[in-house]
Structure formats: structure tokens, C-alpha cells
Amino acid sequence: MVIKIAKTRAASANDLFILEKTLGVKLPGSFRNFLKEYDGAEPESNLFEINESNNSGVNEFIPAQLILKERAFIENLSPQAFPFAFAEGGNYVILDLNGRETVLFWDHETAELIQLSDSFEKFLSELQPFSVNNVKLEPGDVGEVWIDPDFLREHADLFYESEDDLQNNG
């Protein structure tokens with residue numbers, strides 16, 4: 001695992017049993033082992049690639065006892081698919097065990113499922129630490145942005161070259 005994830009409580013044997021029984025599948029060993037160490041864990045800031053022009057990050061891994069509840073919010077999943085992580089922006093990362101193990105990204109705005117990885121274990125190995133230094137913007141990438149007025153006042157030096165600019169634009 002490339003990113004740091006602090007160990008948490010273990011998922012209970014009963015929670016794992018209920019999850020497997022409801023889905024009608026046996027959970028992959030790597031996922032079961034993960035839940036035994038990191039059930040509901042919040043990883044360090046991270047990044048995964050959705051496609052060539054888009055990425056996201058895992059905010060929190062969903063505790064085993066809440067997976068079925070969260071699953072109910074997602075339409076059109078195969079019967080053996082379930083969310084295992086909350087991704088940025090109200091999206092989910094999903095493990096689909098229908099035929100073969102696949103990790104998918106679910107976009108809440110489009111309900112589109114995009115394949116991320118061939119296995120849970122591979123997905124974890126592909127998570128990278130996030131660094132603002134790796135963000136590269138080209139001219140025109142940002143159309144407009146909202147800045148909290150309190151933040152702007154506290155950090156005016158980041159946005160204005162002089163006190164006159166601040167007075168004229170603030």
C-alpha cells in the first residue's frame with residue numbers, strides 16, 4: 001500500500017457474514033483482511049485516476065455494517081456489487097464481484113460506472129498520496145472560482161499585489 005491508512009477497529013464476523021449472505025458471494029480475502037484492520041478508516045489525502053482527464057480520492061472507507069445501507073443509494077448495480085469507499089464530491093468506489101472482481105467509480109451526477117481496477121488489492125496499490133504540487137493547470141482550465149470572503153481577508157497578500165488593489169477589488 002502506497003498511502004498511509006491508520007488502523008481502526010476490526011469489522012465483526014457477524015457484519016462480514018451478513019454482507020456475504022445478503023450479496024450471495026464470498027468476499028475476496030484481500031477485502032476481508034482489509035476490513036479486519038481498517039474498517040471505516042480514513043486514509044491520508046490520496047488520488048486515483050478515473051480516466052486520462054479526471055481523478056478523485058478516497059475520503060473514507062465505508063464500515064462493513066454500513067455498506068448495505070450505502071448500497072441502497074446507488075441504482076443499477078449488479079446484485080454482487082457494493083460501495084466500499086466514499087470518494088470526493090459525493091461519489092463512491094465500488095467492488096463488483098459479479099463474475100470477476102472489479103473496482104468501479106460511481107459518479108453521482110451521471111450514475112456512470114467507470115472501471116478503475118481489476119481487483120481490490122490492485123486498487124489499493126494504485127492509490128497515490130495527494131500533493132498540491134502535482135496539480136497542473138493550463139490556461140482556461142478554471143472558468144471561475146468562489147473564495148470564502150474571510151479567507152480572502154486573511155490571505156489578501158496571495159490575491160492582491162498592493163493595498164490599492166485590495167481596496168479597489170475587495
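None of these values were measured; they are calculated from a predicted model.

**A closer look at the overall build of the protein chain**
Line of reasoning, step 1. The secondary structure content of the protein chain amounts to 7 helices and 8 strands.
Line of reasoning, step 2. Computed over its C-alpha atoms, the radius of gyration of the protein chain comes to 20 Å, more than 25% above the 15 Å expected for a compact globule of 170 residues.
Line of reasoning, step 3. In terms of overall dimensions, the protein chain has a C-alpha envelope of 65 × 30 × 25 Å along the principal axes.
Line of reasoning, step 4. Within the protein chain, counting contacts between residues at least 6 apart in sequence, those at least 24 apart form 47% of the total.

**Topic: the packing of aromatic side chains**
Line of reasoning, step 1. The final tally for this structure, using the stated rule, is 13 aromatic pairs.
Line of reasoning, step 2. Judged by centre distance (5.0 Å) and plane angle (85 degrees), the ring pair of Phe31 and Phe120 falls under edge-to-face. Within this pair, whereas Phe31 is found in helix H2 (residues 29-38), its partner Phe120 is found in helix H4 (residues 120-126), the two being separated by 89 residues in sequence.
Line of reasoning, step 3. Owing to a relative accessible area of 0%, Phe120 belongs among the buried residues under this scheme.
Line of reasoning, step 4. Taking 5.8 Å as the distance between ring centres and 35 degrees as the angle between the ring planes, the aromatic pair formed by Phe86 and Tyr92 counts as tilted.
Line of reasoning, step 5. What links up through ring pairs into an aromatic cluster is the set Phe31, Phe34, Tyr38, Phe48, Phe61, Phe82, Phe84, Phe105, Phe120 and Phe123.

**Quick look at the sheet that holds strand S3 (residues 58-61)**
Line of reasoning, step 1. Read across the sheet, 5 strands follow the order S3-S4-S5-S6-S7 without closing on themselves; strand pairing throughout is antiparallel. In this open sheet, the two edge strands, each paired with only one partner strand, are S3 and strand S7 (113-117). Looking at each pair of strands side by side, their axes are set apart by 40 degrees on average, direction ignored.
Line of reasoning, step 2. Of the pairings in the sheet, the one linking strand S5 (residues 91-96) to strand S6 (residues 102-106) comprises 5 bridges and is antiparallel in character. Directly across from Tyr92, in S6, lies its bridge partner Trp106.

**Let's talk about H2**
Since one α-helical turn is 3.6 residues long, residues separated by three or four positions face the same way.
Line of reasoning, step 1. Every buried residue of H2 is listed here: Phe31, Arg32, Phe34, Leu35 and Tyr38. Burial along H2 is one-sided: seen end-on, the buried residues are contained in an arc of 160 degrees.
Line of reasoning, step 2. Buried residues along H2 sit against helix H1 (13-23), S3, helix H3 (67-71), strand S4 (81-87), S5 and H4.
Line of reasoning, step 3. Gly40 occupies a position one or two residues after H2 and carries a positive phi of about 80 degrees.

**Here's the deal with the packing of H1 against H2**
Line of reasoning, step 1. Across the interface, H1 lies against H2 with an axial gap of 11 Å and an inter-helix angle of 145 degrees. Once H1 is placed against H2, the crossing between them reads as right-handed. Side by side, H1 and H2 meet where Leu16, Leu19 and Glu20 of the first sit next to Phe31, Arg32, Leu35 and Lys36 of the second.
Line of reasoning, step 2. Residues of the contact of H1 with H2, tallied by class, amount to 4 nonpolar, no polar and 3 charged.

Rules and cut-offs
Each chain carries its own residue numbering, running from 1 in the written order of its sequence. In view of the model being predicted, local features appear only for residues whose pLDDT reaches at least 70, and side-chain atom pairs are presented and counted only at 80 or more, with totals across whole chains, interfaces and linings using the full set of residues. The basis for every side-chain value is the complete set of non-hydrogen atoms in the structure, without hydrogens or water. Numbering goes from the N terminus for both helices and strands, where a helix is a DSSP run of H or I of at least four residues and a strand is a run of E of at least two. Just to be clear, the radius of gyration here is over C-alpha atoms, and the globule rule we use is 2.2 Å times residues to the power 0.38. Only heavy atoms enter the contact rule, under which two residues are in contact if any of them lie within 4.5 Å. Ring geometry is summarised as follows: Phe, Tyr and Trp rings, the Trp one being its six-membered ring, pair when their centres sit within 6.5 Å, and such pairs are stacked at plane angles under 30 degrees, edge-to-face over 60 and tilted between the two. Each residue is placed in one exposure class: buried if its accessible area under a 1.4 Å probe, protein chains only, is under 20% of its type's maximum, exposed if it is over 50%, and partly exposed if it falls in between. A pair of strands is labelled paired if DSSP reports no fewer than 2 bridges between them. In this analysis, axes come from line fits to C-alpha atoms, helices being fitted only over the stretch in contact, and the angle between any two N-to-C directions falls in the range 0 to 180 degrees. Note that the arc is computed from the directions linking the helix axis to the C-beta atoms. Should the near helix be turned anticlockwise from the far one by less than a right angle, the crossing is left-handed, and should it be turned clockwise, the crossing is right-handed. Classification convention: Asp, Glu, Lys, Arg as charged; Ala, Val, Leu, Ile, Met, Phe, Trp, Tyr, Cys, Pro as nonpolar; all other residues, Gly among them, as polar.

In short, the description is geometric, and any link to function would need to be established separately.
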